[in-house]
Amino acid sequence: MIQPVSDLPLWAAMVVAAFLIFGSALALIGAIGFLRLPTFYERLHAPTLGTSWGVGGIMLASMVYFSVSSSRPVLHEILIGLFVTVTTPITFMLLARAALHRDRAESNGNVPEKHQHDLEDVEAIQGNAEEN
Amino acid sequence: MSAVILLTAISIAQLLIALAMAIASVRMFRGPRAQDRIIGLDTLYINAMLMLVTFGIGTGSTIYFEAALVIGMLGFVATVALAKFLMRGEVIE
Amino acid sequence: MNGWEHHLIIAPILVPMMAAALLLFFDERRRVTKAMISLASTIILGMIAVILFRIESGPNDFEGVYLLGNWAAPFGIVLVLDGLSALMLLLAALLALATLVFSLARWHSVGAHFHSMFQLLLMGLNGAFLTGDLFNLFVFFEVMLAASYGLLLHGSGPLRVKAGMHYIAVNLVAALFFLIGVSLIYGTTGTLNMADLAARIPQIEPDRLMLMEAGAGVLGVAFLIKAGMWPLCFWLPTAYSAASAPVAGMFAILSKLGIYVILRLTMLLFGEGPSAGFGATVLLWGGTATLIFGTIGVLSSQALGRMAGYSVLVSSGTMLMVLGINDGAISSGALLYLVSSTFTISAFFMLIELVERGQDAGANVLAVTMEAYGDGDEDRLDEGEGVTMPGTMAILGTCFAACGILLAGLPPLSGFIAKFAMLSAMMGTGAIGVPPTPAVWMLCVLVILSGVAALIAMSRVGIRTFWSSLEGVVPRVLVIELVPVMFLLSLTLALSVQAGPAMQYMDTTIRTLSNPAVYIDAVHNAATVEGWKERAARSAEGQ
Amino acid sequence: MMLPYPILAVCLLLMWLMLNGFSWGQLVLGALVALFASWALASLRPDKPKLRKWWLIPKLVTVVFVDILRSNLAVATLILKGKRRPHTSGFLLLPLEIENKTALALLAIILTSTPGSAWLEYDSRDRTVLLHVLDLIDEEQWIATIKHRYEALLLEIFA
Amino acid sequence: MELVLSIAIGVMTGCGVWLILRPRTYQVIVGLSLLSYAVNLFIFGVGGVKSNLPPILGDGVVSSTLSDPVPQALVLTAIVIGFATTALFLVVLLASRGLTGNDHVDGRNERK
Amino acid sequence: MGRFAPCSPTLTAQRGIWGIGITFEPFLLVVLLALPFLGSLATGLILNTTSRDLPVFVAGAVTLLAALLTASFYPALANGNVLRFDAQWLPQFGLNFTLRLDGFAWIFAMLITAIGFLVVLYARYYMSEDDPIPRFFAFLLAFMGAMLGIVISGNIILISVFWELTSIFSFLLISYWHNNSTARDGARMALTITGIGGFCLLIGMLLLGNIVGSYDLDKVLASGDVIRNHALYLPALIFILLGALTKSAQFPFHFWLPNAMAAPTPVSAFLHSATLVKAGVFLLVRLWPVLSGTYEWFWLVGLAGTLTLLLGAYFAMFQRDLKGLLAYSTISHLGLITTLLSLGSPLATVAAIFHMLNHATFKASLFMAAGIIDHETGTRDMRRLSGLFRFLPITATLAMVASASMAGVPLLNGFLSKEMFFAEAVETHADSILDRALPYIATLAGAFSVTYSLRFIHTVFFGPKPTDLPIATPHEPPHWMRFPIEFLVIVCLVVGIVPAYSIGPFLQMAVESVLGNRTPEYSLSIWHGFNLPLLMSILALAGGALLYILLRGYFARCEDGPPFLRNLRGQRIFERVLVTVSWRWARLAESRMGTRNLQPQLRWVVACGFLAGLLPLYVSGFEARMFTFSGIDPAFAAMWAIGMALSLAAAYMAKYHRLAALVMLGGVGLIVCITFVWLSAPDLAITQLLVEIVTTVLILLGLRWLPKRNPDMGAFISLRGRFRRFRDLVLAIACGVGMSFVAFAVMTMPVPDTIATYFLDNAYEQGGGRNVVNVILVDFRGFDTLGEIAVLGVVALTVFALLRRFRPASDSLDMPEQQRIQNRFDEERPDRAPGDTVRDYLAVPSLIMQWLFPVIITFAVYIFMRGHDMPGGGFSAGLTMSIAFLLQYLAGGTRWAEDRLRILPLRWMGGGLLTALATGVGAWFLGYPFLTSHFRYVELPLIGKMPAATALLFDLGVFSLVVGSTVLILVALAHQSVRIRRVRSHDAAKTEES
Ligand code: NA
Ligand code: NA
């Protein structure tokens, strides 16, 4: 089951390498953003680079690599991608909402106060949406 | 040739991921709030998973796949619990 | 011992485990059923222990090697039944029987899953006594410890929880030491089987040997924590005195497990060869400190429970010193002492609860937490059950006196016999007329002093407990609470009367232990049953 | 009821085969496991989603796939630009028409997975969701995009 | 690898030891967790460390070159037992906190 | 061992007297010894009887029978023969149950049984209605048995055994009236001193045994020269003397005896005149042939004896209490005997033996008389007693005769032995100051004894009518109560007048049995001519009388205790020392040597572990040599840089930022997982990951119940605190460095030939699995796994049991702050219902989590099925499965989840254990040991070849148990929230009601 790395045709190696670099670079950029962005809500966006196409790139690399090297379609990496895609939103949603609650409770930062925009505001926003 | 390309790519990818992990852990230290730390942990998990997959490619072995799959499928549970703890003060109500 | 009875070796582990598993299927409310299962298991265990003990008392040496999973010796796990393990099994079974019966009066119902934990404790103990594999020893240590955590906390309450936390914290660190030690030993010798280890030690290179010894040292600390060597023993009096009476009664053997393992391993691994005498100095001086500390503790204890806890230390200290001196005759005397002191301390712990029950009528039976929140499903103590015995105070007093006599090492009970055997061996340790070594003198003096301390403390406390309180309420004591105490005490009397045969057994045991080659050969030569593949092949050929 | 969630069961079987590789034995085993797992889900009694135009799913997947890729690149650029870029992030209250919980969940997954937009707070009473957008230049355009590209499609797919 | 791993083990041991000597129950439980990581890695390490040679047999695998499976099996047992005891210690510290009203390991209020 | 050759039980007898057979007679010794103990059991067991006569009858019968039986041995011993009974007890150590009766033992046995009978008779009348009679006689008989045991033991260890028994029973007898604190204290002091003495005696006997090579009394008695010339002679002597002198209340251990006077008078009459206190001097006589005659013996014994003689007499004069006077007098007389024994001359020993008998008779009668006085008047205070002759003429007469004997008045037995003493005192034995002073000391003590005897008689029986007696009109006791005194007084007279025809032969027999061929010529006659001893007697009598007259007035008004030495109260010194040493110092030492706190304990434990690990290396001089060192992978190193930083951060933050520390810990765990993958352990990685997840949730579940913590709490750290922290830091760094060092050493060392090779070679062929780790876990070392799941199971049970009684601290009782804010918000808004926030919060996530449920279950099955060949297995699968359950609890809350899922964790656990066990036991039926695995490929239609291994079944058990345990732990914790909510609403309802 252990395949030596050199067995791969060149085109496949290049594809794999590209996907690898692409995915890991996205992961790194996500991390950089996560470090550099100033507020929590902005930082929230950065890791999704890693969880979306960061994972995607590396999974594709893996799929290509193993499919070519074992000359049969190896697709189980899809599962990882799928699960990451499905589960990451749970984390982010829960966490973001928790952050929102904390910020509101401590009234720090300019987060929209749920109790400030009363019904008129909501209607106004809805109205805006309908106009478009 | 393909081996050189692959090995280089894998090394670069691993280093990039390691760097990403390092950055995520910097956020974990710096915070400033708990939510930052938790997202940091989540990022660490995802990057660790990526690291495992690249390691798998590097060794040409699918044996390490399950470990990555476990992270992918269940890694979020800890983070979810942390998030819910932040929001509700209780993990299971 | 071949055929079916060969499987008896593993029965002391399986029977309680089976019982524990069965118990899980019954709801807490079916208390009687649970008690019956537990009791039946313990009785069966007792019978098995007696059979195994009688086998070991016989003339045969080492047929008791059980190859688990039919894997040959150094590879699979082996169970080894020898004189020492048979003795410890019997001791555990007798103690279990007594404490279980005692607990049936009331204690088993103050918390959930008492019987399961009790049975698993027995499983852990018996496994630790039987196993011939170092890592398997760790596992059974952990089984025993985990069950003991549960049992210590049984009944809850601030005292127990605090004591339990300390006990658990210390033992968790001990478990880590155990792991470090075992892995170092594996890393340097490449084996986990104790007999194989003993056989390999003479052949390993000096660099590895050092690391192996480092491992053995760390491992030793883990056992010494269990055995309660000073300064690793501070948790012990607190934990033992906080435990509920039957649990403390059963705990009396836990510290002996530490002693057992040290005895087994030092005799096996460091009896001869390049590391001979490894750790003896530590055992001697640690034992001395323990004995002194225990003695001081016995004197300074106000509460009976703590006094009993310190008595455990006295007993441990004595044993450790003996192990440090490592003289065959003293060791066999010490083995008798081990048995005697275990019975004594166990009986004492149970007795204490009965005695103190009279002092603040049942208030301490249930911890303060009880029904703080009115949970309807919580168990309550049935105060009304049973008939109290006539002459309770007289019987309690007699039992207390017996305990005092045993602890002080006064005749006619086995405390004296055991002490005498040790002291006599110490005096006779040189050739005729040659005075004993300083270490032996020290042990001798300390043994006597600890007896004196016990005498002073027990008379002080006994008088206060039984005689000073004029209006003392006669405690409600049930027959099934007194019987176990009297049972254990009568065992000490029996041990005293039958000192000759008992000593004979101990002597044989120690002699076997001090000849590791017998053990090693027995384990290495134990034959596997012909595999089913080969069997099938042979039968195919035959056709 | 033998097979409470047929699509789920099929998916689980597929997952099983992906993990174990195909063989007839694994097919049978996988089918059994899938059946068992479906029953397990049935005991939770979740809302059973009704698919109307399931053939639109591939379209949705493709759209999302590409959109995520695009926003990946966009956000990556944003991050790499660093402090030179103007501060444009902001909150956005998005009114929703979707009532089906599964569709809502899908929308949440899509929006969260897409870098640049984050799902913060859903309010079942006014059926709005509070989003955070990294590059919020035109609020209304954002709302429109989401509603047209995803919500409409989801509304079609689910009854 | 050995160097990295042994330094890591040392650092985790040091942190763990420091923490278990602290007065708060929570510190102790974190310390115990760190210690058990260190010890698990230690056990794991005694068999010698090899990369990409998992003890899984297959066609064309030379069994003698594979990693030592015994320490791995031991670590697995240790992980399980560590998990169990962590859970237990946690609950005990909760109970202690409930009964004494504070989270000091000795049930004392504040250090004098 | 081997010092003591085991001997077979032998029964030896010289001559049959009963004509029944040669072996029967020694057996009668056993009967003699057993009689009192059996009698004790009999009376003790008649606890419920209201009859006072039954126990008395039993006791009387037993003592009389014992006395007669003893008497019946006389003919057999008369010619210097010895009766021996021998049975093995602990032959390995030379402890045999040997009984040995010779002349000396006989005369003592006679004394014990006869006076015992008299005391029983006396006690019948003495004890009051309220006293629990059976207990008294049980103790008394048991004591008598023990005393007989000392006397007839033929093994010096056996003597020790009975010696200690007398201490125990005397303790019980002295404290018979235990409601009286004086009795309790007196008894305790007696026990402590004689008990310690007993221990010393045991050591002495052991040393003697070491010298001689046997504990057999005959062998010991035959080895006098060896003993006296041995290096251990002095220690042995000292220890034996400590035993004997404490028991016989010799200076400086004398003070327990006066305090023992709180005992009922029959006890005093028996123990403190005739038996217990005589045990010490008995032993000195018994061992006299082998121990005496040395310089050390002379000085040690002599000094103790003379001082006791003098001080005892001096103290006796100034006692207020009748029994106190008698007690000090006893001390003095025992000092006399000891002094005699110290001299080392056979003649002195004869005198000693003779005086032992005489003292027993007159002192017992005096005690009984004092008891009658006490009984009839209600007091023993000599200042209140006066002129009792008119009420108690007969008792008074008897007491007067007995005191005269005590004073050494001619024609009474006391005179004879005292004359012998004086005669010996003037002889020169070992020329020294002590020897030269002895005549004066003897005379002075004699004078004192006359004085106190006179005081006893004169103040009590003569003078004016008493005025303030508790019982106004005393009268003579019943005749049978007086009978014992009468009997003893008659003995005094008979022996005093015709010694040679009464005590003569018996004394001769006793003396011969002790001294053997050294037996001197002596004459037992009243008149030896006018010689120096007679002059001394006269001087003593006259001087004593004069002294009494002079001191009469002083006695009447003086305080208790003698002048000059009043403050020398041995008992108080003893008590103070005892309290100081055994209580104050012990407590101090205990607190210094020990601790009840966790931190110092763990500090010790860690330090010991550190030392234990590094000392062997240090001692053997370990050199760090690099053996095989593979290079460093940069990514791996980078990861561990992170890991180490995270663990440091966790350590730093654990105090105030719990959640942060938990997050860091999770990070470290993750790095550990990757390490496992990196270094070829995928199984470990999966398991570690799953454990990591569950543990995080677990700790979070617990965090809710911990108190809030903020950094400004306890910001000030004292200097001591700083020192402690510094010390801990040093220890932590030391441990870390040490661990690194050892880890590096062991990792880089060439791998030894390990058992792993066998596993790798045989896992597939024999175990039927490719994943060697899993084959080890479920097959090669499946037994470990069985234990491991037991651990998990029992921990789950413990957690469950503990949480059933869980009571959160009051400040954790409230709803978490977040929930309060969110609920308030929901309540305030008109368009929202309470709980909307959390419902909305979880709306989408919970749906996804529900749909993940079947997916995770499928995954768990996958992990389980592949375990034997690939990474995975029962444990990982079980954890995965429990995470699936956990997720549902997270998503919907406890109520929601339990409404839908009926997980019965205990069933899972029990089923798991039973499955694993059954798999193991199944092998038995095929004739294999427990846990022997079987596997084969099964051909299934359509599916093809499928592996079927019993190991898989075993793993199923593991799986089931892991699921059950993990869920039980998590659910038990989660339930606390629900439970507290119920409590809260319950409390709220209550407050509303009131
Ligand atoms: Na003289
Ligand atoms: Na008077």
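Remember, it's a predicted structure, so these values are computed and weren't measured experimentally.

**Q** Quick rundown of the overall build of chain B? Include the residues and the values.
**A** When helices and strands are counted, chain B shows 3 helices and 0 strands. Counting helices and strands in the order they occur from the N terminus, chain B gives α-α-α. Taking 2.2 N^0.38 as the reference for a compact globule, 93 residues should give roughly 12 Å; the C-alpha atoms of chain B span a radius of gyration of 16 Å, well beyond that estimate. The dimensions of chain B, computed from C-alpha atoms along their principal axes, are 55 × 25 × 10 Å. A buried classification covers 84% of the 93 residues belonging to chain B. Across chain B, every contact between residues at least 6 apart in sequence was considered, and the portion connecting residues at least 24 apart equals 47%. Accessible surface computed for chain B: about 1800 Å², of which carbon and sulfur atoms make up 73%.

**Q** Tell me what's going on with the coordination of the sodium ion (ligand 2), and back it up with residues and numbers.
**A** All names here are of chain F. At 2.2 to 3.2 Å from the sodium ion (ligand 2) lie its protein donor atoms, namely Met 382 (O), Leu 385 (O) and Thr 459 (O). In the primary structure, the donors to the sodium ion (ligand 2) are separated according to the pattern M-x2-L-x73-T. Accessibility expressed as a relative area gives 2% for Leu 385, which makes it buried.

**Q** Would you mind going over helix α1 (residues 6-20) of chain D in detail, with residue names and values included?
**A** Here α1(D) spans 21 Å end to end across 15 residues, near enough to the 21 Å set by a 1.5 Å rise per residue. Those residues of α1(D) not exposed but buried are D:Leu8, D:Ala9, D:Leu12, D:Leu13, D:Met15, D:Trp16, D:Leu17 and D:Leu19. Elements in contact with the buried residues of α1(D): α4 (77-106) of chain A, α3 (65-88) of chain B, α2 (24-44) of chain D together with α35 (836-866) of chain F. The first or second residue beyond α1(D) is D:Gly21, which carries a positive phi of 85°.

**Q** Quick rundown of the coordination of the sodium ion (ligand 1)? Include the residues and the values.
**A** All names here are of chain F. The protein atoms donating to the sodium ion (ligand 1) are Ala 425 (O), Glu 427 (O), Asp 435 (O) and Asp 435 (OD), with metal-donor distances spanning 2.4 to 3.0 Å. Taken in chain order, the donor set of the sodium ion (ligand 1) reads A-x1-E-x7-D. On the accessibility criterion, Asp 435 (4% relative accessible area) is buried.

**Q** Describe the interface of chain C and chain F, and please don't skip the residues or the numbers.
**A** At the junction of the two partners, chain C supplies 144 residues and chain F supplies 128 residues. The interface formed by chain C and chain F holds 2 salt bridges in total. Remark: the boundary between chain C and chain F carries 20 residue pairs in polar contact (both at pLDDT 80 or more). Broken down by element, the residue count for the side of chain C that touches chain F peaks at 13 residues, all from helix α6 (residues 158-189) of chain C.

**Q** Could you give an account of the interface of chain C and chain E, with specific residues and numbers?
**A** In this assembly, 27 residues from chain C lie in contact with 27 residues from chain E. Carbon and sulfur atoms make up 87% of the area that chain C and chain E hide from each other, which totals about 2300 Å². Of all residues in chain C, C:Met165, C:Leu176 and C:Tyr186 give up the largest surface area on contact with chain E, accounting jointly for 26% of the area buried on that side. Our count for the contact surface shared by chain C and chain E stands at 0 salt bridges. Looking at the side of chain C that touches chain E, the elements that each hand over two or more residues are α5 (134-153) and α6 of chain C. Counting residues per element, the side of chain C that touches chain E draws most heavily on α6(C), which supplies 17 residues. For the side of chain C that touches chain E, the class distribution of residues is 18 nonpolar, 7 polar and 2 charged.

**Q** Give a description of the pattern of salt bridges that names residues and reports values.
**A** A full pass over the atoms with the stated rule returns 44 salt bridges over all chains. We note a salt bridge from B:Lys84 to B:Glu93, for which the minimum N-O separation is 3.9 Å. The shortest N-O distance in the salt bridge between F:Arg781 and F:Asp784 comes to 2.9 Å. With relative accessibility at 2%, the residue F:Arg781 sits in the buried group. Taking the relative accessible area as the measure of exposure, F:Asp784 reaches 2% and is therefore buried. Overlapping salt bridges bring together F:Arg84, F:Asp86, F:Arg100, F:Asp102, F:Asp216, F:Asp218 and F:Arg286 as one network.

**Q** Tell me what's going on with the packing of aromatic side chains, and back it up with residues and numbers.
**A** Per the counting criterion, the structure on display carries 77 aromatic pairs over all chains. Measuring from centroid to centroid gives 6.5 Å for C:Trp71 and F:Tyr758, while their planes differ by 85°, and the two rings are edge-to-face. Residue C:Trp71 is located in the loop between β1 (64-67) and β2 (78-81), and its partner F:Tyr758 is located in helix α30 (residues 756-767); the two belong to separate chains. When its relative accessible area of 5% is taken as the criterion, C:Trp71 is described as buried.

**Q** How would you sum up the side chain of C:Thr189? Please name residues and give values.
**A** Within the fold, C:Thr189 resides in helix α6. On the basis of relative accessibility, which here comes to 2%, the residue C:Thr189 falls in the buried class. Separated by 2.6 Å, the side chain of C:Thr189 and the backbone oxygen of C:Ile185 make a polar contact. The contacts of C:Thr189, once residues within four sequence positions are left out, are C:Leu197, C:Arg200, C:Ile204, C:Met212, F:Pro752 and F:Asp753.

**Q** Give me the sheet that holds strand β2 (residues 117-123) of chain D: which residues, what numbers.
**A** In space, the 3 strands of this open sheet follow the order β1-β3-β2 (chain D), with antiparallel pairing throughout. The open sheet has two free edges, formed respectively by β1 (90-95) and β2 of chain D, since each of these has just one partner strand. Adjacent strand axes in the sheet meet at a mean angle of 25° when their direction is disregarded. Relative to β2(D), α4(A) is tilted by about 70°, and along the sheet it contacts β1, β2 and β3 (128-133) of chain D.

**Q** Residues and numbers for the domain arrangement of chain F, please.
**A** Each domain of chain F was delimited in the assignment, giving domain 1 (295-563), domain 2 (631-710) and domain 3 (772-994). Of note, the centres of domain 1 of chain F and domain 3 of chain F, computed from C-alpha atoms alone, are 87 Å apart.

**Q** Any details on the environment of F:Trp908? Residues and values, ideally.
**A** Residue and element names in this part refer to chain F. Checked against the element boundaries, Trp 908 lands in helix α37 (residues 905-922). Given a relative accessible area of 24%, Trp 908 falls into the partly exposed group. Taking the C-alpha atoms as reference, Trp 908 lies 61 Å from Leu 206; in sequence the two are 702 residues apart.

**Q** An account of a nonpolar patch on the surface is requested, with residue identities and associated values reported.
**A** All names here are of chain D. On the surface, a nonpolar cluster with roughly 810 Å² of combined accessible area is contributed by Ile 7, Leu 51, Trp 54, Trp 55, Ile 57, Val 61, Phe 65 and Val 66. Among the elements that take part in the nonpolar patch, helix α3 (residues 57-81) stands out by supplying 4 residues, more than any other. When you line up the elements, Phe 65 lands in helix α3.

**Q** Any details on helix α20 (residues 516-525) of chain C? Residues and values, ideally.
**A** Residue and element names in this part refer to chain C. Pro 516, Tyr 519, Ile 520, Ala 522 and Val 523 are the residues of α20 that are buried. Considered in projection along α20, the buried side chains sweep an arc of 165° and stay on one side of the axis. Against the buried residues of α20 lie β1, β2, α7 (194-200), α11 (254-269) and α19 (499-513).

**Q** Explain the arrangement of the chains to me, and be specific about the residues and the numbers.
**A** Contacts are most numerous between chains C and F, considering all 11 pairs of chains that are in contact. Between chain C and chain D there is no contact; the minimum C-alpha to C-alpha separation amounts to 23 Å. Nothing in chain D touches chain E, and the closest approach of their C-alpha atoms is 16 Å.

**Q** Go over the nonpolar core with me, naming the residues and quoting the values.
**A** With 799 residues, the main nonpolar core has D:Trp119, F:Trp640, F:Phe783 and F:Phe930 as its most contacted residues. The dominant element in this core, judged by the number of residues it contributes, is helix α3 (residues 69-100) of chain E, at 21 residues. Not counting chain neighbours up to four residues away, the residues in contact with D:Trp119 comprise A:Met93, A:Ala96, D:Leu96, D:Leu104, D:Leu107, D:Ala108, D:Leu111, D:Thr112, D:Val129, D:Leu130, D:Leu131 and F:Val844. Of all hydrophobic cores here, the second largest spans 5 residues; its members include A:Leu28, A:Ala31, B:Leu16 and B:Ile23.

**Q** Explain the state of the cysteines to me, and be specific about the residues and the numbers.
**A** Here, the word disulfide means a covalent bond between the sulfur atoms of two cysteines. Residue and element names in this part refer to chain F. Overall, the coordinates contain 0 disulfides over all chains when judged by the stated rule. A disulfide-free cysteine, Cys 735 has its sulfur positioned 11 Å from the sulfur of Cys 608, the nearest such atom. On the accessibility criterion, Cys 735 (9% relative accessible area) is buried.

**Q** Can you break down unusual backbone geometry residue by residue, with the values?
**A** Most peptide bonds take the trans form, and the phi angle of most residues other than glycine is negative. All names here are of chain C. Note the cis peptide between Trp 230 and Pro 231, where omega equals 0°. Inspection of the secondary structure puts Pro 231 in the loop between α8 (206-227) and α9 (235-242). With an omega of 5°, the peptide bond running from Pro 411 to Pro 412 counts as cis. Within the fold, Pro 412 resides in the loop between α15 (392-408) and α16 (414-427). Its identity as a non-glycine residue notwithstanding, Asn 70 has a phi of 60°, on the positive side. Structurally, the position occupied by Asn 70 is in the loop between β1 and β2.

Parameters at a glance
- Residues numbered from 1 in each chain as written.
- Chains lettered and ligands numbered in written order.
- Predicted model: local features only at pLDDT ≥ 70, side-chain atom pairs only at ≥ 80, totals over all residues.
- Heavy atoms only, no water.
- Helix = DSSP H or I, 4+ residues; strand = E, 2+ residues; numbered from the N terminus.
- Rg over C-alpha atoms; globule rule 2.2 N^0.38 Å.
- Buried < 20%, exposed > 50% of the residue type's maximum accessible area, 1.4 Å probe, protein only.
- Contact = heavy atoms within 4.5 Å.
- Areas by Shrake-Rupley, 256 points an atom, 1.4 Å probe, with all protein chains shown as cover.
- Donors = N, O, S within 2.8 Å, 3.2 Å for Na, K, Ca; no water.
- Expected span 1.5 Å × (residues − 1).
- Salt bridge = Lys/Arg side-chain N within 4 Å of Asp/Glu carboxyl O.
- Polar contact = N/O pair within 3.5 Å; in protein donor to acceptor, adjacent residues only side chain to side chain.
- Buried area = accessible area lost by both parts, 1.4 Å probe.
- Nonpolar A, V, L, I, M, F, W, Y, C, P; charged D, E, K, R; others polar.
- Phe/Tyr/Trp six-rings, centres within 6.5 Å; stacked < 30°, edge-to-face > 60°.
- Pairing = 2+ DSSP bridges.
- Axes fitted to C-alpha atoms, helices over the stretch in contact; angles between N-to-C directions.
- Domains from an automatic or database assignment.
- Patch = residues over 30% accessible without salt bridge, like charges linked within 9 Å, V, L, I, M, F, W, Y side chains within 5 Å.
- Arc of directions from axis to C-beta.
- Core = buried A, V, L, I, M, F, W, Y, C linked by side-chain atoms within 4.5 Å.
- Disulfide = S-S within 2.5 Å.

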